[in-house]
Amino acid sequence: MLNADRAELDKFGELAHRWWDPNSEFKPLHDINPLRLDWIDEHVGLAGKRVLDVGCGGGLLSEGMAARGAQVTGIDLSEKPLGVARLHLLESGQQVDYRLTSAEQLADEMPGSFDAVTCMEMLEHVPDPASVVAACARLVKPGGQVFFSTLNRNPKAYLLAVISAEYLLKLLPKGTHDYAKFIRPAELARWAKFAGLEPAEIIGMSYNPLSRRYSLGRDTAVNYLMRSRRST
């Protein structure tokens, strides 16, 4: 059985046509994309690297990495966002290999094939996130890096990521996140280590409602990113 929640796939599929609208429900993704790109590029040097984007959706991060010279494969299990991602390539002129498949399936087909793997804002939307982490570890080359981002599970995260972001500030559609699926950094680090990945860095991502800007920093209480490396 696929490691996917049909309701989650349908939810993002219904909004897929708005994925590249920077003022739509996906505005937060547009706002944080430069931060994610710079962080990944700083540690990988994207130009010339073979990179996999797991849970690529409409392709914001995939295209961004391709624009920096990476050879990018993007995978997702929702057909409509992938369709939007492919159409957008006609507008942008970038080259990305988009595939309708899961990380687990691709790991069986192409183990150790990528210099880097990204899995951003996706783990909190699947039934078995540890399985995705393990698949990412199998997909990256020995010595390669895997980048994750997700949401912490604590009262502050519930207040800011659900109550504030979805109901008060309306940064996200209501029901975007299920608090029960949020993941503590210690849990993600444990899954990574079990899969043969060594966590190298954990940083936080914060939103300032006054400046309406996101920034990376030390506060991992709500959104956080983890960089890990596969053991050689």
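This one's a predicted model, so the numbers in the text were calculated from it and none came from an experiment.

Draft legend 1. Main features of helix α4 (residues 79-92). Between its first and last C-alpha atoms α4 spans 20 Å; for 14 residues at 1.5 Å apiece the expected length is 20 Å, and the two agree. Buried within α4 are the following residues: Pro81, Leu82, Val84, Ala85, His88 and Leu89. Down the axis of α4, the buried side of the element spans an arc of 155°, and every buried residue falls inside it. In α4, the exposed positions that point more than 90 degrees away from the buried face belong to Glu79, Lys80, Leu87 and Leu90.

Draft legend 2. A look at the pairing of strand β8 (residues 223-230). Where strand β5 (residues 140-151) and β8 come together, seven bridges link them in antiparallel fashion. Considered in β8, the bridge of Leu151 is made with Asn223. Two elements, strand β6 (residues 197-208) and β8, share eight bridges in a ladder whose sense is antiparallel. Note that in β8 the partner of Leu197 across the bridge is Arg230.

Draft legend 3. Looking closely at unusual backbone geometry. Residues other than glycine seldom take positive phi values, yet Glu121 does so here, at roughly 50°. When you line up the elements, Glu121 lands in the loop between β4 (114-120) and α6 (129-139). Its relative accessible area of 23% is what places Glu121 among the partly exposed residues. Within the chain, Lys170 stands out as a residue other than glycine whose phi angle is a positive 55°. Inspection of the secondary structure assignment puts Lys170 in the loop between α7 (155-168) and α8 (185-194). Look at Lys170 and you get exposed, because its relative accessible area is 58%.

Draft legend 4. Quick peek at the packing of aromatic side chains. Under the counting rule described, the total for this entry stands at six aromatic pairs. With 5.3 Å between their ring centres and 70° between their planes, Tyr158 and Tyr179 make a pair best called edge-to-face. One end of the pair, Tyr158, is in helix α7; the other, Tyr179, is in the loop between α7 and α8, with 21 residues separating them in the sequence. Residue classification places Tyr179 among the partly exposed residues on the basis of a relative accessible area of 27%. Just above the ring of Phe114 sits the side chain of Arg50; from NZ or CZ to the centre is 5.1 Å.

Cut-offs used in this document
In every chain, residue numbers begin from 1 and rise along the written sequence. Only residues with pLDDT of 70 or above have their local features reported here, since the model is predicted, and side-chain atom pairs are shown and tallied only from 80 upward, although totals for entire chains, interfaces and linings are computed over all residues. The basis for every side-chain value is the complete set of non-hydrogen atoms in the structure, without hydrogens or water. Strands are runs of DSSP state E lasting at least two residues, helices are runs of H or I lasting at least four, and both sets are numbered from the N terminus onward. By definition here, a helix of n residues has an expected span of 1.5 Å times n minus one. Buried means the residue's accessible area, taken with a 1.4 Å probe over protein chains only, is under 20% of the maximum for its type, while exposed means over 50%, and partly exposed covers the values in between. The arc under discussion is defined with respect to the helix axis, by the directions toward the C-beta atoms. Two strands are said to pair when DSSP picks up at least two bridges between them. Pairing of aromatic side chains here covers Phe, Tyr and the six-membered ring of Trp, requires ring centres within 6.5 Å, and sorts the geometry by plane angle: under 30 degrees stacked, over 60 edge-to-face, intermediate tilted. By the criterion adopted, a ring carries a charge over it if an Arg CZ or a Lys NZ lies within 6 Å of its centre and within 35 degrees of its normal.

None of this, on its own, says anything about what the molecule does.
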